[in-house]
Amino acid sequence: MISPVKGTHDIYGLEEEAMKEVEEAFEGIASLFGYRRIIVPTLESTELFDRGTGESSDVVRKEMYTFEDKGGRSLTLRPELTAGVARAVLTNKLYTGDLPLKYYYDGSAFRYERPQAGRYREFHTFGLECIGEDTAYLDAETVILATMALGYLGFKDLRVKVNSLGDKESRLAYREALKNYFAPHLENMCEDCKERFKLNPLRILDCKVEADQELAKGAPRLSQFLSKDAERRFYDVLSILNAYEIDYEIDEGLVRGLDYYSGFVYEIHASSPKGAALGALLGGGHYDSLLETIGGPSLPGVGFGAGLERIAKAYLDSGLLHSNAGLDCYVVPLGEESYEDAFGLVSQIRSLGYKADLPPRAVKLTAAFKRAERAGARFVLILGENEREAGKVQIKDQRTKSQEEVLIEDLAEYLDERMMEDEDHA
RNA sequence: GCGAAUGUGGUGAAGAGGUUUAACACAACCGGCUGUGAACCGGUCACGCGUGGGUUCGAUUCCCAUCAUUCGCCCCA
């Protein structure tokens, strides 16, 4: 048997239903905020991620699926979608229209990592980018949108972690300070950190090697190096979040792994015990120079990416799935002679716009009821010889287990009425 | 990339170098029973114990390798 590629998975059944509901919620809320969908390629030039996502990031340094195509071009399966959307904005000169541009997207991303709980090598994301204007309102708006979508889905007790990476000025100052701090100790630090020292000393703070961790504790804090402007901007964003009653915690350790982030950054985690192992459900932030870095005009942006598998898992674990995937009607023919008419009845119900099915052949009544149960049928319609002669059908309500006889000619009316009642209850 | 655990039917699994025809249970399917999902009774359901080698008279059981899955680290969605 051919096994699936490590870290990939097939999505069906409950997980598929959960992912669909999650995605629809995000799409619906995003469109309330004026976002339109954009579809960008799965495959991009490797250069886009090297420059855009950032060559000092772990994602680019060691997690990309990069290969040469038959024309000798270096291509990469996107490890994230923001760079691609930014590229699309340049390619199509979308920035010549009204700003900000607001696009949401969904699709899979690829990262060569060891799979574990809530982590795949091909995973699915929903995300959005707001590009071309730079205000605290827009930064805050993406968080408001994200929490609104998650709230709509029924999540409670989310943990919103926020931080500010500062503007360019702040980061440069901080970078220098870190270099000065670590330089004398460089000899004794781990190999990774030596590399980080050169590329992005900020990352040393994340190092999990114990000795380095001790050292990092004494390192200067980014918050001390925020420029006046950066600091004010951060607090502007926070005050908007306060006004919209979004609970957040400031986490100075929140750095974000992609190089383009600057200023306001955030992650949202589920606070349930099961959620802890899933990592961030959603993460994002503000970026100033991404567009410029990949060869476009200097346009700022803000956005987030949400992990659909992770959110779907948390959604399922929290019992939030609504699921209306079940059939409306399951038709049971009694005996071979009734099968043809049952088949016709099913067709009739389908053309009324209701989901209907029947067994593949006349099966025993007990088995038929089991099938109806598994198919999640709302009603079981029983069609036997007696009914056929009378032009009627027995309709059993699967919730109340009550049963009544209905004339086939009244079926449309009957179903419309009953379904309407269900709508009202929901 | 590093570390750990685990691989026996659709599922949960027992077993231990040779009476194991791979137990038991659940699910499924068939029948007892064509007219209402239960219960009960009977029956069916692994030519094989992840894969490849090795040890052995003999290996699902021991050894090695390999692959896969899961979890932790790193990183993140």
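Residues numbered from 1 in each chain as written. Chains lettered and ligands numbered in written order. Predicted model: local features only at pLDDT ≥ 70, side-chain atom pairs only at ≥ 80, totals over all residues.

Focus: the overall build of chain A
- In terms of helices and strands, chain A carries 16 helices and 16 strands.
- If you line up chain A on its principal axes, its C-alpha atoms span 95 × 55 × 45 Å.
- Counting all 426 residues of chain A, 38% fall into the buried class. (Helix = DSSP H or I, 4+ residues; strand = E, 2+ residues; numbered from the N terminus. Buried ≥ 20, exposed ≤ 12 C-beta atoms within 10 Å, placed from the backbone.)

Examining the sheet that holds strand E14 (residues 379-383)
- A sheet is described by the order of its strands in space; here 5 strands give the open sequence E13-E12-E14-E15-E16, paired in mixed fashion. Only two strands of the sheet have a single partner each, and these edge strands are strand E13 (356-357) and strand E16 (403-407).
- The pairing of E14 with strand E15 (residues 392-397) spans 4 bridges and is classified as antiparallel. The residue of E15 that forms the bridge with Val380 is Lys396.
- Packing against the sheet, helix H14 (residues 365-374) makes contact with strand E12 (329-333) and E14, and its axis sits at approximately 170° to E12. (Pairing = 2+ DSSP bridges. Contact = placed C-beta atoms within 7 Å. Axes fitted to C-alpha atoms, helices over the stretch in contact; angles between N-to-C directions.)

Concerning the sheet that holds strand E4 (residues 74-77)
- Taking strand neighbours across the sheet as the criterion, the 3 strands line up as E2-E4-E3 in an open arrangement whose pairing is antiparallel. Both edges of this open sheet fall to strand E2 (43-45) and strand E3 (65-68), since each of them pairs with a single strand only. Recorded for the sheet is a direction-independent mean angle of 35° between the axes of neighbouring strands.
- The pairing of E2 with E4 spans 3 bridges and is antiparallel. Each bridged residue has a counterpart across the sheet, and for Ser45 the counterpart in E4 is Leu75.
- The sheet strands contacting helix H2 (residues 46-54) are E2, E3 and E4, and the helix crosses E2 at an angle near 75°.

A closer look at the domain arrangement of chain A
- The domains assigned to chain A are domain 1 (13-167 + 227-317) and domain 2 (329-425).
- Once you take the C-alpha centre of each, domain 1 and domain 2 turn out to be 47 Å apart. (Domains from an automatic or database assignment.)

Observations concerning helix H12 (residues 308-317)
- Most of H12 is tucked away, with 8 of its 10 residues classed as buried.
- Burial in H12 covers these residues: Leu308, Glu309, Arg310, Ile311, Ala312, Lys313, Ala314 and Tyr315.

Topic: the nonpolar core
- Counting 79 residues, the largest nonpolar core has Val22 and Leu281 as its most contacted members.
- If one sorts the elements of this core by residue count, helix H5 (residues 136-153) sits on top with 9 residues.
- With 23 residues, the next largest nonpolar core counts Val332, Leu358, Ala372 and Val380 among its residues. (Core = buried A, V, L, I, M, F, W, Y, C linked by C-beta atoms within 7 Å.)

Topic: unusual backbone geometry
- Cis geometry is found at the peptide bond from Leu99 to Pro100, where omega equals 0°.
- Even without glycine at this site, Asp157 takes up a positive phi of about 55°.

Quick look at helix H9 (residues 228-243)
- With 16 residues, H9 extends 22 Å between its outermost C-alpha atoms, agreeing within 8% with the 22 Å of an ideal straight helix rising 1.5 Å per residue.
- All buried positions along H9 are accounted for by Ala230, Arg233, Phe234, Val237 and Leu241. Each buried residue of H9 sits inside an arc of 100° when the element is viewed along its axis, so together they form one side. Pointing more than 90 degrees away from the buried face of H9 are the exposed residues Lys228, Arg232, Ser239 and Ala243.
- Elements that come into contact with the buried residues of H9 comprise H5, strand E7 (158-164), helix H6 (168-182), strand E8 (248-250) and strand E9 (261-270).
- Two residues or fewer after H9 comes Glu245, characterised by a positive phi angle close to 55°. (Expected span 1.5 Å × (residues − 1). Arc of directions from axis to C-beta.)

Here's the deal with the packing of H2 against helix H4 (residues 82-91)
- Between H2 and H4, the shortest axis-to-axis distance is 9 Å and the interhelical angle comes to 105°. Considering their axes alone, H2 and H4 lie roughly perpendicular with respect to each other. Taken together, the residues of H4 that come into contact with H2 (itself represented by Leu48, Phe49, Gly52 and Thr53) are Ala83, Ala86 and Arg87. (Parallel < 35°, antiparallel > 145°, perpendicular 65-115°, else oblique.)

Some points on the pairing of strand E6 (residues 122-131)
- Within E6, 9 of the 10 residues are buried, which leaves it mostly tucked inside the rest of the structure.
- Direction of pairing for strand E5 (residues 101-110) relative to E6: antiparallel, over a ladder of 10 bridges. Bridging from a neighbouring strand, Ser108 pairs with His124 of E6.
- For E6 and strand E11 (residues 301-307), the ladder comprises 7 bridges, and the chain directions are antiparallel. Opposite Phe126, over in E11, you have Ala306 as the bridge partner.

A short note on the packing of helix H1 (residues 13-32) against H5
- Running from N to C, H1 and H5 point in directions that differ by 135°, and their axes come no closer than 9 Å. Comparing the axis directions of H1 and H5 gives the class oblique. Judged by the sense of rotation from one axis to the other, the crossing of H1 with H5 is right-handed. For the pair H1 and H5, the contacting residues are Val22, Ala25, Phe26, Ile29 and Ala30 in the first and Leu145, Met148, Ala149, Tyr152 and Leu153 in the second.
- The residue makeup of the contact of H1 with H5, split by class, is 10 nonpolar, no polar and no charged. (Left-handed = near helix turned anticlockwise from the far one by under 90°. Nonpolar A, V, L, I, M, F, W, Y, C, P; charged D, E, K, R; others polar.)

Observations concerning the environment of Val406
- Along the chain, Val406 turns up in strand E16.
- In this structure, the C-alpha to C-alpha distance between Val406 and Ser56, residues 350 residues apart in sequence, is 70 Å.
- Apart from residues no more than four positions distant in its own chain, Val406 is found in contact with Lys392, Val393, Ile395, Leu411 and Tyr414.

Considerations on the pairing of E4
- Both E3 and E4 contribute to a ladder of 4 bridges, which runs antiparallel. Pairing of Thr66 across the sheet is with Thr76, part of E4.

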